[in-house]
Amino acid sequence: MTARKFGIGQPARRVEDLRFLTGAGTYTSDVLPAGTAHAVVVRSPHAHARFRITDVDTARAMPGVLAILTHADIAELGELKCMSGVKNRDGSPLHRTSYPILAKDVARHVGDAVAFVVAETVEQAREAAEAVMIDWEPLPAAVDIDASLAEGAPLVRPELGTNIAFDVAVGDEDKTAKAFAKAHRIVGIDLINNRLIANYLETRACLAEYDTASGRWTITLGSQGAHGIRDNLAENLLKVDPSRIRVITPDVGGGFGTKIFMYREYPLCAVAAERLGRPVRWVAERGEHFMADTHGRANATRAEMALDRRGRFLGLRIDLRADMGAYLSQFAPYIPTEGVRMGPGCYDIPAVSARVRGVYTNTVPVDAYRGAGRPEAAYMIERLVDHIAREIGMEPDKLRAINFIKPSDMPHRTQTGRLYDTGEFEGHMRRAMEVADWAGFKERLKVSRRAGKLRGIGLATYIEACSGGGPEAATVSLEKDGSLKVLIGTQSNGQGHATAYAQIVSEHFDVPLDKVTVIQGDTALVATGEGTGGSRSIPVGGAALAGASRQLADRLKDLAADALEASTADMEIDGGTIRIAGTDRSLSLADVAALPAATREAVTIADDWTPPEATYPNGSHICELEIDPDTGGVIIERYTVVDDFGRAMNPLLLAGQVHGGAAQGIGQALLERTFFDAEGQLVTASLMDYGLPRADLIPAFVFETRNVASTTNALGMKGAGEAGAIGACPAVMNAVVDALYRARGIRHIDMPATPDKIFAALTAAEEAKAA
């Protein structure tokens, strides 16, 4: 097939952008039916406390108040369910603790929901929420991993008798012990992967409408998959048949994994709408987002490598402790236990063992955030490899090169069970070094030193697993006007699905992208859907759509051939018309749609595709930066990315994904600190206190691809939605440590490397030298 003007691989501009940039997008909070009531959640001000609601009647009698729900009022409902099925090292199953929609008599973190107030206006709801009288009995709180595991620590879940939620083994402990026993040298490092708060542009919101006549709900909310929300809400919380719930997800202003999950406000809005017989809406304030939406990362890891005399890796040992917060969120145990399986990274390590413990703390629950365990694994191995290189006196690229899995060894099964299909790791590392002018760094270092600045360069090579899981289905149909319509159960959160899916359709029909309509996010229109997560929308949903489009193109050729009294084998599609090859006899798509044989069933094709294995995007990031020793401030001077994504759907969309992901990684590395004080108060609970990356911190990225097609994906793609965030943190932190080590001999600093932390490290090094 010749390259299509608007097809796969073309740098088409996003068809969505005009609508968004002109304010014509429709988000959940833009949907406001007549008669809508407004809701506010009463939340705990304490990290750990017993409580008793002593007076609700006064608040219920206030002007405009329609309902106030407490735990007693919704006792018939289910609870939020942890869907992860990890097993402990001893073979025992995960103990799933209670996660009520509204806390009954114990609050376990600041922001824990205890009541739901509905009123005519949001102002009236807020006033009534403040009037709900609650007696609080504060209890001691365990606010971080170390405090929670300390002897005599307060128990977050007393029914367990411990703050350890699970204790999982990955890999082969005996084989790894033997590797360490014969090692010439063992090098280890302790790392903190800091807790993050998603801070998507659009806060969560929910609108619930209930139709008394049919007994059905319509729930409008921002999500990463309407079908998953519907099924969870129906089966686990409302305890009704899913057919009674329609979930609509309109435009979504960012998700990053955090909008996949079920949250308390969704069943609360649904119940309130049913009982009041009118729409009920809740919209989170930014402060609520900090205290009510799941956080990300929050790992403490000890990683050790056994080496032979030449610096080859013999074995990797990992002890990972993951902060779960006060409740086990939907996929929370899965994130560190599955993520650690990517611990070997790009390296051929003969023996690997990991211990992963989930730890309860009196903090906001932690779950998937862009990358979902893979960024943590990449950060661990890439910081460790750089640390090893420094300890044994070997250049970081050389150490990587002698330990990389070779292309000739593909497919390669790691000691943690992952099956890499393709990858040329040294190839993209060398290309990144060339583009970044790694060889010229020493001259730039001299210039920085003359200016009184510290300069460092950091390299990180990464591999991640994505685009796996269950099947995705897609339907494509020819409309009467000759346009094409796509129904698919993934969900755009800003990635550009309408453009990417239109390109897949155009690959087969050669039509402009504005001739393709993409419908997502409505369980009444789209039959099934796995949603968006794990970079699977385009590689998996796109594969299903490509199959449906190919079949529809063949079907339309058959219809056109019959109408033109020709052989189907002689038909071709070009410029949105179907013609007899080598002639001027043709039918437009609209002409075909008008044929008597073009019934709705005849011009509608559904297909699905199930990935046989995950795909494995990989690449190299190189960060070069300067540090001002007088302030600790960091300026990123150069940033280079060379990635292997298998095949590019759209170079513009691809660059946008990488740039955005790298910006988030830079933010985590240098700015984002989630801080709870000793009482469990979230001190960084606003954008005044929580540092997010701004334009002046983000460099001009140099990005290119060095693709090797995936052998396990129908389109040859590997997925790209999370890769930028995975490679950035270790590259930036390796550069920071490189600068600090060259200047003051500092071998380690944890994220976030904020100016005050860097300045303190430099000061401590100077004082130690003086002593």
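Owing to the predicted nature of the structure, the values given are computational and were not obtained by experimental measurement.

### A closer look at the overall build of the protein
Part 1 of the argument: Assigned secondary structure in the protein consists of 19 helices and 28 strands.
Part 2 of the argument: For the protein, whose C-alpha radius of gyration is 28 Å, the value lies close to the compact-globule estimate of 28 Å for 771 residues.
Part 3 of the argument: A total of 771 residues make up the protein; the buried ones form 60% of that total.
Part 4 of the argument: Of the charged side chains in the protein, 83 are positive and 99 negative; the average position of the first set lies 5 Å away from that of the second.

### Regarding the state of the cysteines
Part 1 of the argument: Within this structure, the stated rule accounts for zero disulfides.
Part 2 of the argument: The closest cysteine sulfur to the non-disulfide-bonded Cys269 is located on Cys206, 4.1 Å from its own sulfur.
Part 3 of the argument: Since its relative accessible area comes to 0%, Cys269 is described here as buried.
Part 4 of the argument: Looking at the unpaired Cys623, the closest cysteine sulfur is the one in Cys729, lying at 11 Å.
Part 5 of the argument: With a relative accessible area of 0%, Cys623 lands in the buried category.

### Quick notes on the sheet that holds strand S23 (residues 577-580)
Part 1 of the argument: Strands sit in the order S22-S23-S24 across an open sheet of three strands; the sheet is antiparallel. Looking at which strands have only one partner, the edges of the open sheet turn out to be strand S22 (571-574) and strand S24 (586-588). Direction aside, neighbouring strands of the sheet carry axes that sit 20° apart on average.
Part 2 of the argument: The sheet contact formed by S23 and S24 spans three bridges and is antiparallel. If you follow Thr577 over to S24, its bridge partner there is Ser588.

### Digging into the pattern of salt bridges
Part 1 of the argument: According to the stated counting rule, one finds 54 salt bridges in the structure shown.
Part 2 of the argument: The salt bridge partner of Glu376 is Arg297, with a shortest N-O separation of 3.9 Å. Of this pair, Glu376 sits in helix H10 (residues 374-392) while Arg297 sits in the loop between helix H8 (286-292) and strand S13 (299-307), and the two are 79 residues apart along the sequence. Just as Glu376 is buried, Arg297 falls in that class too.

### As for the side chain of His621
Part 1 of the argument: Within the secondary structure, His621 sits in strand S26 (residues 618-627).
Part 2 of the argument: Among the polar contacts made by the side chain of His621, one reaches the side chain of Tyr639 at a distance of 2.7 Å.

### Focus on the sheet that holds strand S10 (residues 216-221)
Part 1 of the argument: Ordered by their spatial adjacency, seven strands build an open sheet running S3-S5-S1-S12-S9-S10-S11, and the pairing between neighbours is mixed. Sheet topology places strand S3 (65-69) and strand S11 (245-248) at the edges, where each strand pairs with a single neighbour. If you compare each strand with its neighbour and ignore which way they point, the axes differ by 20° on average.
Part 2 of the argument: As paired elements, strand S9 (residues 205-211) and S10 share six bridges and run antiparallel to each other. Counterpart to Glu209 in the pairing with S10 is Thr218.

### Some words on the packing of aromatic side chains
Part 1 of the argument: Inspection of the entire model under this criterion finds 13 aromatic pairs.
Part 2 of the argument: Counting every residue linked through ring pairs, the aromatic cluster contains Phe313, Tyr347, Phe404 and Phe425.
Part 3 of the argument: We note Lys259 situated over the ring of Tyr200; from NZ or CZ to the ring centre the distance is 4.2 Å.
Part 4 of the argument: In this structure, Arg317 is placed above the aromatic ring of Phe180, and the distance from its NZ or CZ to the ring centre is 3.9 Å.

### Focus on helix H18 (residues 723-744)
Part 1 of the argument: The terminal C-alpha atoms of H18 lie 32 Å apart, and with 22 residues this matches the ideal 32 Å at 1.5 Å per residue to within 8%.
Part 2 of the argument: Here H18 lies mainly inside the structure; 18 of its 22 residues are buried.

### As for the pairing of strand S21 (residues 516-519)
Part 1 of the argument: Of the two faces of S21, only one is covered, namely that formed by Val516 and Val518; the face formed by Thr517 and Ile519 stays uncovered.
Part 2 of the argument: The pairing of strand S20 (residues 484-488) with S21 spans four bridges and is parallel. What sits directly across from Val486, in S21, is Val518.
Part 3 of the argument: Considered for its hand, the β-α-β crossover made up of S20, helix H14 (residues 497-509) and S21 is right-handed.

### Structural notes on the nonpolar core
Part 1 of the argument: With 152 residues, the main nonpolar core has Ile219, Leu625, Tyr639, Leu670 and Val736 as its most contacted residues.
Part 2 of the argument: With twelve residues, the single largest contributor to this core is H18.
Part 3 of the argument: If you look at the next biggest cluster of nonpolar residues, it comprises 48 residues, including Tyr501, Val518, Leu559 and Trp609.

### Quick notes on the side chain of Ser329
Part 1 of the argument: Along the chain, Ser329 falls in the loop between strand S14 (313-325) and helix H9 (334-339).
Part 2 of the argument: Beyond its immediate chain neighbours, meaning those up to four positions away, Ser329 contacts Cys82, Tyr99, Phe261, Thr294, Pro365, Val366 and Asp367.

### Comments concerning the environment of Thr577
Part 1 of the argument: Topologically, Thr577 is positioned in strand S23.
Part 2 of the argument: In this structure the C-alpha to C-alpha distance between Thr577 and Ala655, which are 78 residues apart in sequence, comes to 32 Å.
Part 3 of the argument: Excluding its chain neighbours within four sequence positions, the residues that come into contact with Thr577 are Glu572, Leu587 and Ser588.
Part 4 of the argument: In terms of polar contacts, Thr577 uses its side chain to reach the backbone carbonyl oxygen of Asp574, at 2.8 Å.

### Observations regarding the environment of Asp323
Part 1 of the argument: Among the structural elements, Asp323 can be located in strand S14.
Part 2 of the argument: Taking the relative accessible area as the measure of exposure, Asp323 reaches 5% and is therefore buried.
Part 3 of the argument: Along the sequence, Asp323 and Thr363 sit 40 residues apart, while their C-alpha atoms lie 8.9 Å from each other.
Part 4 of the argument: Polar contacts involving the side chain of Asp323 include one to the side chain of Arg195, which spans 3.0 Å.
Part 5 of the argument: A polar atom in the side chain of Asp323 sits 2.9 Å from the backbone nitrogen of Gly325.

### So, the packing of helix H17 (residues 651-670) against H18
Part 1 of the argument: With their axes 7 Å apart at the nearest point, H17 and H18 run at an angle of 45° to one another. Compared by their axis directions, H17 and H18 come out oblique. Between H17 and H18 lies a crossing of right-handed hand. Between H17 and H18, the residues in contact are Val658, Gly661, Ala662, Gly665, Ile666, Gln668, Ala669 and Leu670 and Gly724, Ala725, Ala728, Cys729, Val732, Met733 and Val736, respectively.
Part 2 of the argument: For the contact of H17 with H18, a count of residues per class yields eleven nonpolar, four polar and no charged.

Thresholds applied
- Residues numbered from 1 in each chain as written.
- Predicted model: local features only at pLDDT ≥ 70, side-chain atom pairs only at ≥ 80, totals over all residues.
- Heavy atoms only, no water.
- Helix = DSSP H or I, 4+ residues; strand = E, 2+ residues; numbered from the N terminus.
- Rg over C-alpha atoms; globule rule 2.2 N^0.38 Å.
- Buried < 20%, exposed > 50% of the residue type's maximum accessible area, 1.4 Å probe, protein only.
- Lys, Arg positive; Asp, Glu negative; His and termini not counted.
- Charge placed at Lys NZ, Arg CZ, Asp CG, Glu CD.
- Disulfide = S-S within 2.5 Å.
- Pairing = 2+ DSSP bridges.
- Axes fitted to C-alpha atoms, helices over the stretch in contact; angles between N-to-C directions.
- Salt bridge = Lys/Arg side-chain N within 4 Å of Asp/Glu carboxyl O.
- Polar contact = N/O pair within 3.5 Å; in protein donor to acceptor, adjacent residues only side chain to side chain.
- Phe/Tyr/Trp six-rings, centres within 6.5 Å; stacked < 30°, edge-to-face > 60°.
- Lys NZ or Arg CZ within 6 Å of the ring centre and 35° of its normal.
- Expected span 1.5 Å × (residues − 1).
- Right-handed = clockwise from strand over helix to strand, strands pointing away.
- Core = buried A, V, L, I, M, F, W, Y, C linked by side-chain atoms within 4.5 Å.
- Contact = heavy atoms within 4.5 Å.
- Parallel < 35°, antiparallel > 145°, perpendicular 65-115°, else oblique.
- Left-handed = near helix turned anticlockwise from the far one by under 90°.
- Nonpolar A, V, L, I, M, F, W, Y, C, P; charged D, E, K, R; others polar.

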